[in-house]
Amino acid sequence: MSPSSRDRIDLDDLWGREAARILERLGEVSSWEDRFALMDTLLARRHAAEASVDPEVAWAWERIVAGRGMVRIDGLAAETGWSRKRLWSRFRSQIGLSPKRVAKLVRFDHAAHRLVAGESTAGVAAEAGYADQSHLHRDVMAFTGATPAAVAGEPFLVVDDIAWPGAHPG
């Protein structure tokens, strides 16, 4: 399975029985502006109806981000008092991704910003918790389709420092 197909979610999986009605309503609307307005309304309604995130899930999320993705999921589960399976299930249902996938993305994000800051690939791999440079290279290729050197030159990552000052090194 390719990285992009792993992250794809069918509308039925996301919206359940309501997916067919949504597709029908979108088909009845003639302009893109009206389609976007309809989706904004549906998403706002769904967001308002959703229960809040479990405190344990929010706490695990915060620990993953604070640890820059270098956390053991079974350790997080133990600290919440939940089983690993329960944390995995609740996290996936409330966040949309497994805690392991989130940790991998957070670690990648941190590494990508360090590359943009001009740090060496070997140094970034070691400091970001990758086994070696080839491990970092595989993640960068999987998430971006580019090499670490190419990602280091991507100007879009610099915007993060403007939007989120102090969030990343550099």
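Parameters at a glance
Residues numbered from 1 in each chain as written. Predicted model: local features only at pLDDT ≥ 70, side-chain atom pairs only at ≥ 80, totals over all residues. Heavy atoms only, no water. Phe/Tyr/Trp six-rings, centres within 6.5 Å; stacked < 30°, edge-to-face > 60°. Helix = DSSP H or I, 4+ residues; strand = E, 2+ residues; numbered from the N terminus. Buried < 20%, exposed > 50% of the residue type's maximum accessible area, 1.4 Å probe, protein only. Lys NZ or Arg CZ within 6 Å of the ring centre and 35° of its normal. Contact = heavy atoms within 4.5 Å. Axes fitted to C-alpha atoms, helices over the stretch in contact; angles between N-to-C directions. Parallel < 35°, antiparallel > 145°, perpendicular 65-115°, else oblique. Nonpolar A, V, L, I, M, F, W, Y, C, P; charged D, E, K, R; others polar. Salt bridge = Lys/Arg side-chain N within 4 Å of Asp/Glu carboxyl O.

When you look at the packing of aromatic side chains in this model, what are you seeing that I'm missing?
The geometry of two aromatic rings is summed up by the distance between their centres and the angle between their planes. In the structure shown here, the tally under the stated rule is 3 aromatic pairs. Considering the side-chain rings of Trp32 and Phe36, the 6.0 Å spacing of their centres and the 35 degrees angle between planes classify their relative orientation as tilted. Of the two residues, Trp32 and Phe36 are both situated in helix α4 (residues 32-49); the distance of 4 residues between them amounts to about one turn of the helix. Accessibility assignment for this pair places Trp32 and Phe36 in one class, exposed. Positioned above the aromatic ring of Trp82 is the side chain of Arg86, whose terminal nitrogen or guanidinium carbon lies 4.6 Å from the ring centre. Across from the ring centre of Tyr130, 4.1 Å away, lies the NZ or CZ of Arg107, which sits over that ring.

Looking at this structure, I do not really get the side chain of Arg107. What am I missing?
Turning to its location among the elements, Arg107 is positioned in helix α8 (residues 99-116). Contacts of Arg107, omitting those with residues within four sequence positions, involve Arg68, Gly69, Met70, Ala128, Gly129, Tyr130, His135 and Asp139.

Can you help me understand the packing of helix α5 (residues 55-66) against helix α7 (residues 84-95) in this one?
Between two packed helices, what matters for the description is the angle formed by their axes and the separation of those axes. In the contact formed by α5 and α7, the axes pass within 10 Å of each other and the chain directions differ by 90 degrees. By the angle between their axes, α5 is roughly perpendicular relative to α7. Between α5 and α7, the residues in contact are Val57, Ala60, Trp61 and Ile64 and Leu87, Arg90, Phe91, Gln94 and Ile95, respectively. Here the contact of α5 with α7 is composed, by residue class, of 7 nonpolar, 1 polar and 1 charged.

Would you mind showing me how to read the pattern of salt bridges here?
Scanning the model with the defined rule gives 6 salt bridges in all. Asp54 serves as the salt-bridge partner of Arg90, at 2.9 Å between the closest nitrogen and oxygen. You can see Arg90 sitting in helix α7 and its partner Asp54 sitting in the loop between α4 and α5, a full 36 residues away along the chain. Note on Arg90: relative accessible area 27%, which makes it partly exposed. By relative accessible area, Asp54 is classed as buried at 16%. In this structure, Arg63 engages Glu79 in a salt bridge whose closest nitrogen and oxygen atoms are separated by 3.0 Å. Separated by 16 residues along the polypeptide, Arg63 in helix α5 and Glu79 in helix α6 (residues 73-80) bring together distant segments of the chain. For Glu79, a relative accessible area of 52% gives the class exposed.

Read these as geometric descriptors, not functional statements.
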